[in-house]
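# Structural description and commentary
Next come the chains, spelled out residue by residue.
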Amino acid sequence: MLLHYRNTPHRMTGRTPSSLLMNREVKTKLPSFEQQTNDETETRKKDEEEKEKYTDKRRKASPRNLEVGNKVLVTQKHRNKFTTKFHPDPMVITKINGTQIVLKDKNGTQHRRNSSHVKLYQEIPDPEEEIQSDRKHDRQTESREENTEATQTETNQNTTETEIVLRRSTRNRKPDYLKGNYVALNESEINELSDEEYELKIAKSYETLANAGAHYVIDSIAELPPVIEDINRRLAAGERP
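Since the model is a prediction, treat every value here as computed from it, not as a measurement.

For helix α6 (residues 195-211), spanning 17 residues, the distance from its first C-alpha to its last is 24 Å, which sits close to the expected 24 Å at 1.5 Å a residue. What α6 keeps buried is the set Y198, I202, S205, Y206 and A210. With its buried residues spanning 130° around the axis, α6 presents them on a single face. For α6, the exposed residues set more than 90 degrees away from the buried face come down to E196, L200, K204 and N211. Where α6 ends, the next residue or the one after it, G213, has phi of about 105°, a positive value.

Have a look at this one:
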């Protein structure tokens, strides 16, 4: 009786006297069921997961990403030293049930295999198709490069024309003298020209020099100092001819 009393939970503490004294329950002849706590359940679950990971690592197990419709190669029976591990003719997966896979060969015959006996079939590209694809890609690349070069050339031409127009002399009067010019007239002949004729000849001279690659066009050496200052400024900014 005393043993059963010590193993009976007290209504005030909710624990048995033996557990309070020895921190454990005393075995009796009465049947009892042990109740697992949450900590014990989580610990056991964690241990099972660790065991499963260890087993998969030991057996070199890996998940197989197989789907219905995939082409796979199936292992074949070893007959001699020239026999390959997998049959060269691929089969198509028609059904998957866990690790069991239903396959169909080229003749329409169905086969049932375990997923460990198959592997995905890697199709080898046709060399002729690969060559045609490379040629098509090269043509597209060349076409894009030509379009880019044409656009860049047009942009450079527009920029050059704009720069030439901006750097052209804005003097409205006739110069006192022109020496070594493309107008091919002396001072008296220039003075006899009307303003319209003079502007036409000057414009033609500017066009001739610009087409020849001139960066600056001036009417006389009197306008040379500002040009030199502009050239020095551009060189200091990092521009190069």
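Back to the write-up after that little detour.
Bringing the pairing of strand β3 (residues 100-104) into the picture now. Two strands pair when backbone bridges link them, and strand β2 (residues 91-97) and β3 are joined in this way by 5 bridges, in the antiparallel orientation. Within β3, the residue paired with I93 across the bridge is L103. In this structure, the hairpin formed by β2 and β3 is closed by a connection of 2 residues, where G98 is found at a positive phi of approximately 70°. Where β3 and strand β4 (residues 110-114) come together, 5 bridges link them in antiparallel fashion. Bridging from a neighbouring strand, Q100 pairs with N114 of β4. Following β3, the chain reverses through 5 residues before pairing antiparallel with β4; G108 in that reversal takes a positive phi of roughly 90°.

The rules behind the values
- Residues numbered from 1 in each chain as written.
- Predicted model: local features only at pLDDT ≥ 70, side-chain atom pairs only at ≥ 80, totals over all residues.
- Heavy atoms only, no water.
- Helix = DSSP H or I, 4+ residues; strand = E, 2+ residues; numbered from the N terminus.
- Expected span 1.5 Å × (residues − 1).
- Buried < 20%, exposed > 50% of the residue type's maximum accessible area, 1.4 Å probe, protein only.
- Arc of directions from axis to C-beta.
- Pairing = 2+ DSSP bridges.

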